[in-house]
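# Architecture at a glance
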Amino acid sequence: MKTRVLIILSLFIGIGAVLHAIAPPILFGMRPDIMLPMMFLGILLFPKTQYVLLLSIVTGIISALTTTAPGGQISNIVDKPITAFIFFGLYLLVKNRTNLNISAPILAAVGTIVSGTVFLVMALYVIGLLPGSFIALFAGIVLPATLFNVIFIVVLYPIVTNIMKRAQPVTL
């Protein structure tokens, strides 16, 4: 693993953690997971299995530490690696077939829906809520978070890729 890549990924995680901690709650104290689009950006920029694994585990742990959702600690730790590898697999399928400026927001939407579904199923199982509350929580939290994450990726992905193209590593 390259130190430069690890530093960039840690910056993404740190920015995501700060945004996740200050995001206002939407429903029942649950907040949209703003660490997800930062994790997605890391996967889009550095699509290697070892980076995806490290990024997903660290994102899951930090997201678990900053969550206010009941049952969210276990749910975040389980949810992030599953979501990251599904997102990574979908990315590998579409990277050579479409323009990533177009497919990145679509992948972010799919990834957020997968993440929200896994999170809610785990949280509802851990705290034992009624199955009927899944639909309300999905509509009230996951769908607005999906919209936010898509907008986030639409704005940030072209900017970050442009910066990464211009930044040349210093060689000695």
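Structural data are supplied above this passage.
Attention here is on the structure that accompanies the text.

Reading the values: the criteria
- Residues numbered from 1 in each chain as written.
- Predicted model: local features only at pLDDT ≥ 70, side-chain atom pairs only at ≥ 80, totals over all residues.
- Heavy atoms only, no water.
- Helix = DSSP H or I, 4+ residues; strand = E, 2+ residues; numbered from the N terminus.
- Rg over C-alpha atoms; globule rule 2.2 N^0.38 Å.
- Buried < 20%, exposed > 50% of the residue type's maximum accessible area, 1.4 Å probe, protein only.
- Contact = heavy atoms within 4.5 Å.
- Areas by Shrake-Rupley, 256 points an atom, 1.4 Å probe, with all protein chains shown as cover.
- Expected span 1.5 Å × (residues − 1).
- Bend = angle between axes of the 7 residues up to and from the residue.
- Axes fitted to C-alpha atoms, helices over the stretch in contact; angles between N-to-C directions.
- Parallel < 35°, antiparallel > 145°, perpendicular 65-115°, else oblique.
- Left-handed = near helix turned anticlockwise from the far one by under 90°.
- Core = buried A, V, L, I, M, F, W, Y, C linked by side-chain atoms within 4.5 Å.

## Observations regarding the overall build of the protein
Each helix and strand in the protein was counted, giving six helices and zero strands. Listed by position from the N terminus, the elements making up the protein come as α-α-α-α-α-α. Relative to a compact globule of 172 residues, whose C-alpha radius of gyration would be 16 Å, the protein shows 16 Å and is just as compact. For the C-alpha atoms alone, the extent of the protein along its principal axes is close to 60 × 30 × 25 Å. Relative to its 172 residues, the protein shows a buried fraction of 42%. For the protein, restricting intrachain contacts to residue pairs at least 6 apart in sequence, the fraction spanning at least 24 positions comes to 72%. Counting only carbon and sulfur atoms, one obtains 75% of the accessible surface of the protein, whose full area is about 8,900 Å².

## Details of helix H4 (residues 72–94)
The terminal C-alpha atoms of H4 lie 31 Å apart, and with 23 residues this matches the ideal 33 Å at 1.5 Å per residue to within 8%. Asp 79 marks the point of greatest bend in H4, at about 25 degrees, and the proline Pro 81 comes within the next four residues. Buried within H4 we find Gly 72, Ser 75, Asn 76, Asp 79, Lys 80, Thr 83, Ala 84, Phe 87, Phe 88 and Tyr 91. Buried residues belonging to H4 abut helix H2 (35–45), helix H3 (49–66) and helix H5 (100–127).

## A look at the packing of H2 against H5
Following both chains from N to C, one finds H2 and H5 inclined at 130 degrees, their axes separated by 10 Å at the closest point. With respect to each other, H2 and H5 are oriented oblique. Seen from above, H2 lies across H5 with right-handed handedness. Seen from H2, the contacting residues are Leu 36, Phe 40 and Leu 44; seen from H5, they are Ala 104, Ala 108, Gly 111, Thr 112 and Ser 115.

## Comments concerning the nonpolar core
Membership of the largest hydrophobic core comes to 31 residues, with the highest contact counts inside it found for Phe 12 and Ile 43. Only helix H1 (3–22), H2, H3, H4, H5 and helix H6 (133–166) provide two or more residues apiece to this core. With sequence-adjacent residues up to four places away left out, Phe 12 is seen in contact with Met 38, Leu 41, Gly 42, Leu 45 and Val 160. Ranked by size, the runner-up nonpolar core spans nine residues in total, among them Phe 119, Leu 120, Leu 124 and Val 142.

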